[in-house]
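Coordinate inspection notes
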Amino acid sequence: MKMREVVLSLAFVCAAALSLSAGPKQIMLMNRLGPSQMTLYIANADGSEERPLFAISGFDYNPTFSPDGKWIAFTSERNGSGEADLYRVRVDGSGLERLTDDPALDDQAAFSPDGNQIAFVSTRGAHNASIWILDLKTRKVRNLTGAPALQAAAGKMNGYFRPSWSPDGQWIACSSDRNFEFKPHDFPDPAWEHPQELSIYVIHPDGSGLRRLTPAGIADGSPKWSPDGKRIVFYEMPTAHTFAARVYAQAMVTSQIVSMDVATGAKVEETAGPGLKVQPQYLSADMIAYLVKAGPNAGLAFTKGAPGVEGTMRNPAWSPDGKQVVYEKVDFTDRAQNQILYSWEPDMDVQYTDVFPRFSRDGKLAISDIKNLATTSTASISVMNADGSNKKVVFSDKEGAAFVPTWSPDGQWIAFGFGGFFGARRTQPAKLMMVRADGSQETKDLTKGLPNSGFPTWSPDGKRIMYRVWGDGEYGLRELNLADGSVKTLTTEFDNFPAFSPSGDVITFTRRSAKTDDYDIFTMRPDGTGIKQLTTAPGNDSHSSWSPDGKYILWSSARFGFKDEAPLYDNSFQPFAQIFIMKADGSDQHALTYSRWEDSMPAIVPPAAQKSTTIRPD
């Protein structure tokens, strides 16, 4: 192992040393917004005669053919859900071989023309997405885009994606969001998730000669070379639409397939009309295949010749002779509560949970039952043991969503927000309610429907509930006195997600900066004084929770940026989010997860629940 690889491995070990405790192994529950399964298929070039590449899928994606057409390289999480490495296999599904073995994300492989090297995307080192080169004979790796001169300005996005070798092996094309701002999107509706501006770059395989081919102000992605190496083809869409392209609004996005003369910069639109078109590839000098991800005739398509096959395949790659295509199909079936996820921390087990997990003092778990955050119009409240057993729904109403349960100290009641949240908050009211935790369905209203109220946290002494309000000119955090029903204004800025510390002397919350539109984690005293900012990194920081002993704060952060082109994701609002941990004073901040998916809403299982917590297999 090279010294650089040793250093990178030690970096993960050192991070682990800062984790929760040296006592019994911790269990962290977290939500992961991403597919529950991904399966590779191989077919004729037009998608006919489809068959699975493997008899049993191992959560596999982003396939590509070798230049001789004999191998398929791909990304797989078969070593653990969330931990991605590169593999290769023969086109008949035999000879499976692991190519990389690193705790960082390794993804988006592309063979060199001679088949001896692979360019790929990895988050090794600085944790942002960079292009690396793997020598298949020696298995040595090097960072192609890691030189200081190639890094973005501080506080800007800095990712490189989707490498592609020129036919002569002299250049590697890729897309990059380098130097684009971390800022909120405004289409189809304004909200805090980031859009992504992408440009096409070329660079020599030795790391020299980085050159930008496409201008700022638009998103250009997934470059591929023409057979003669004179042109590059890519997809193009408005930057503002890169959020909609990965969520429920995909059908609202129109993109086109564009080719460019590398020498002159002259562009040609190869397609026209509606549809979210992505990931083109030359099959011949004058024929381009691509994917219509959404819109009319979604599926495989071609710029000339016979029509393709309609379907919901993703990330297609055609063989060098143009006769075969390999792609993935994505399954979003609900993950099982407490399903095992990969843990990058040796002293921690990680398990999946539905959204907004909260524990009672005696270790009971309450969640919002929503299954998939891509649809947030309805959600119920369920209570269960920490291992997911003995689950029962304690509140359900199809007229709205019940979000963020919070327990009364005696464990008898659960408070929550009910109504319209996220985008729906603009048109639908929401109020605070509470329900008996025993499933008797007894409920009480705590506030009225306006202003929109939600995201509560119950004080450890049981006397108060903190929550956020939004709309009618009112914003910020409020304190509800449960004895007399009075409400006290604590803050008036765009604040959300309050959470009492176990001792009740501090509250964490998320605040949006009026100057930068960035979101960070803050703390304050319960009376609204002593406000302190804990995070300052670019990108959203939110969804904070406390460790049971009150010594640590966990949250999700966007600071590492996107790990792929945003329009290629599905049902993922924030594919840049990863779980972080810090001491209660804001020091020793580091990541706990390094997946390519949206990881959020962490909760540490308290000691009272750990004895009965079991781990369910995938």
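Residues numbered from 1 in each chain as written. Predicted model: local features only at pLDDT ≥ 70, side-chain atom pairs only at ≥ 80, totals over all residues. Heavy atoms only, no water.

1. Comments concerning the overall build of the protein
What the protein contains, in helices and strands, is 2 helices and 47 strands. Its C-alpha radius of gyration of 25 Å places the protein within 12% of the 25 Å reference for a compact globule of 618 residues. Over its C-alpha atoms, taken along the principal directions, the protein stretches across nearly 80 × 50 × 45 Å. For the protein, the proportion of its 618 residues judged to be buried stands at 59%. Sequence separation of at least 24 residues holds for 49% of the intrachain contacts in the protein that already meet a minimum separation of 6. Accessible surface computed for the protein: about 23200 Å², of which carbon and sulfur atoms make up 51%. In the protein, which carries 63 positive and 72 negative side-chain charges, the distance between the mean positions of the two groups comes to 2 Å. (Helix = DSSP H or I, 4+ residues; strand = E, 2+ residues; numbered from the N terminus. Rg over C-alpha atoms; globule rule 2.2 N^0.38 Å. Buried < 20%, exposed > 50% of the residue type's maximum accessible area, 1.4 Å probe, protein only. Contact = heavy atoms within 4.5 Å. Areas by Shrake-Rupley, 256 points an atom, 1.4 Å probe, with all protein chains shown as cover. Lys, Arg positive; Asp, Glu negative; His and termini not counted. Charge placed at Lys NZ, Arg CZ, Asp CG, Glu CD.)

2. Some thoughts on the sheet that holds strand S6 (residues 85–90)
The 4 strands lie next to each other as S4-S5-S6-S7, forming an open sheet whose pairing is antiparallel. Here the strands that pair on one side only, and so sit at the sheet edges, are strand S4 (60–65) and strand S7 (97–98). (Pairing = 2+ DSSP bridges.)

3. Regarding the pattern of salt bridges
On inspection of all chains with the given rule, the structure shows 30 salt bridges. With its nearest N and O atoms 2.7 Å apart, the salt bridge here joins Asp495 to Arg511. In this pair, Asp495 is assigned in strand S39 (residues 495–500) and Arg511 in strand S40 (residues 507–512), connecting sequence segments 16 residues apart. Assessed through its relative accessible area of 3%, Asp495 is described here as buried. Salt-bridge contacts for Arg512 lead to Asp517; the nearest nitrogen and oxygen are separated by 3.7 Å. Where salt bridges share partners, they join Glu83, Asp85, Arg98 and Asp101 into one cluster. (Salt bridge = Lys/Arg side-chain N within 4 Å of Asp/Glu carboxyl O.)

4. Section: the pairing of strand S37 (residues 474–481)
Relative to S37, strand S36 (residues 464–471) is paired through 8 bridges, and the arrangement is antiparallel. The partner of Met466 across the bridge, within S37, is Glu479. By the bridge criterion, 3 bridges tie S37 to strand S38 (residues 487–489) in an arrangement that is antiparallel. Bridge pairing links Leu480 to Val487 in S38. Hairpin geometry of S37 and S38 is characterised by an intervening segment of 5 residues between the two adjacent antiparallel strands and by a positive phi of about 80 degrees at Gly485.

5. Here we look at the packing of aromatic side chains
A complete count under the given rule lists 24 aromatic pairs for this structure. With 5.3 Å between their ring centres and 80 degrees between their planes, Phe395 and Phe418 make a pair best called edge-to-face. One end of the pair, Phe395, is in strand S30 (residues 392–395); the other, Phe418, is in strand S32 (residues 413–419), with 23 residues separating them in the sequence. In this pair, the class of Phe395 matches that of Phe418, namely buried. Its end group placed over the ring of Tyr87, Arg78 keeps NZ or CZ at 5.6 Å from the ring centre. Between the NZ or CZ atom of Arg211 and the centre of the ring of Trp171, over which it lies, the distance is 5.9 Å. (Phe/Tyr/Trp six-rings, centres within 6.5 Å; stacked < 30°, edge-to-face > 60°. Lys NZ or Arg CZ within 6 Å of the ring centre and 35° of its normal.)

6. A word on the environment of Lys398
Relative to the helices and strands, Lys398 resides in the loop between S30 and strand S31 (401–407). On the basis of relative accessible area, Lys398 is assigned to the exposed category, the value being 76%. Residues Lys398 and Thr378, spaced 20 residues apart in sequence, show a C-alpha to C-alpha distance of 5.9 Å.

7. What to know about the confidence of the model for the protein
The pLDDT averaged across the protein works out to 92; a share of 93% of its residues lies at or above 70. Ignoring residues within four places in sequence, the model shows residues 1–18, a span with pLDDT below 50, making 23 contacts including any to other chains. Low pLDDT, under 50, characterises residues 613–618; the stretch is placed with 20 contacts to residues that sit more than four places away or in other chains. (pLDDT = per-residue confidence, 0-100.)

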